[in-house]
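Remarks on the overall topology
Listed below are the residues making up each chain.
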Amino acid sequence: MEKKKILVVDNEETTRETLLKILEREGYQVLTANDGQAALEIVKEQRVNVVVSDVCMPRMDGNRLLKMAKTIRRNWKSFL
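Just so it is clear, the structure is predicted and the values come from calculations on it, not from any experiment.

The rules behind each value
- Residues numbered from 1 in each chain as written.
- Predicted model: local features only at pLDDT ≥ 70, side-chain atom pairs only at ≥ 80, totals over all residues.
- Heavy atoms only, no water.
- Core = buried A, V, L, I, M, F, W, Y, C linked by side-chain atoms within 4.5 Å.
- Buried < 20%, exposed > 50% of the residue type's maximum accessible area, 1.4 Å probe, protein only.
- Helix = DSSP H or I, 4+ residues; strand = E, 2+ residues; numbered from the N terminus.
- Contact = heavy atoms within 4.5 Å.
- Pairing = 2+ DSSP bridges.
- Axes fitted to C-alpha atoms, helices over the stretch in contact; angles between N-to-C directions.
- Polar contact = N/O pair within 3.5 Å; in protein donor to acceptor, adjacent residues only side chain to side chain.

The next point concerns the nonpolar core. By size, the foremost hydrophobic cluster in this structure holds 14 residues, and its most contacted members are Leu7, Val9, Ala33, Ala39, Val48 and Leu65. Secondary-structure elements contributing two or more residues to this core are strand 1 (5–9), strand 2 (29–33), helix 2 (36–45) and helix 3 (62–72). Here this core gets 4 residues from one element, more than from any other, and that element is helix 2. Those residues in contact with alanine 33, other than ones at most four positions away along the chain, are Leu7, Val8, Val9, Asp10, Arg16, Ala38, Ala39 and Ile42. By size, the runner-up hydrophobic cluster in this structure holds 5 residues, among which are Ile6, Val8, Leu20 and Val30.

See the structure below:
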């Protein structure tokens, strides 16, 4: 069975690394991005199952990121 992919987006490196370690230990494949723009590039190139995003980030906040990601992957459900 293929591991589910989770994309973690946060401008704080410590937060990204902590979530990465926890989620990998739970058996998920984890991708990380340090801002919304980098996250959108990942979403365009790879199929991810879940996006976990900080809300307050420079350049693009988490709410805008999730809305834009949903337009790229129209079959996603959003929990905004």
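Here 3 strands make up an open sheet; going across it, the order is 2-1-3 and the pairing parallel. Single-partner strands in this sheet number two, and they are strand 2 and strand 3 (50–53). Each neighbouring strand pair of the sheet contributes to a mean axis angle of 20 degrees, computed without reference to strand direction. In the sheet, strand 1 pairs with strand 3 via 4 bridges, with the strands oriented parallel. From the neighbouring strand, valine 8 faces strand 3, where its bridge partner is valine 52. This element, helix 1 (residues 13–25), spans strand 1 and strand 2 of the sheet and lies at about 170 degrees to strand 2.

Locating aspartate 35 in the fold gives a position in the loop between strand 2 and helix 2. Owing to a relative accessible area of 14%, aspartate 35 belongs among the buried residues under this scheme. Of note is the side chain of aspartate 35, whose polar atom sits 3.2 Å from the backbone nitrogen of glutamine 37. Contact partners of aspartate 35, with chain neighbours within four places excluded, come to Val9, Met57 and Arg59.

Note that every value here comes from positions in space, so none of it alone points to a role or purpose.
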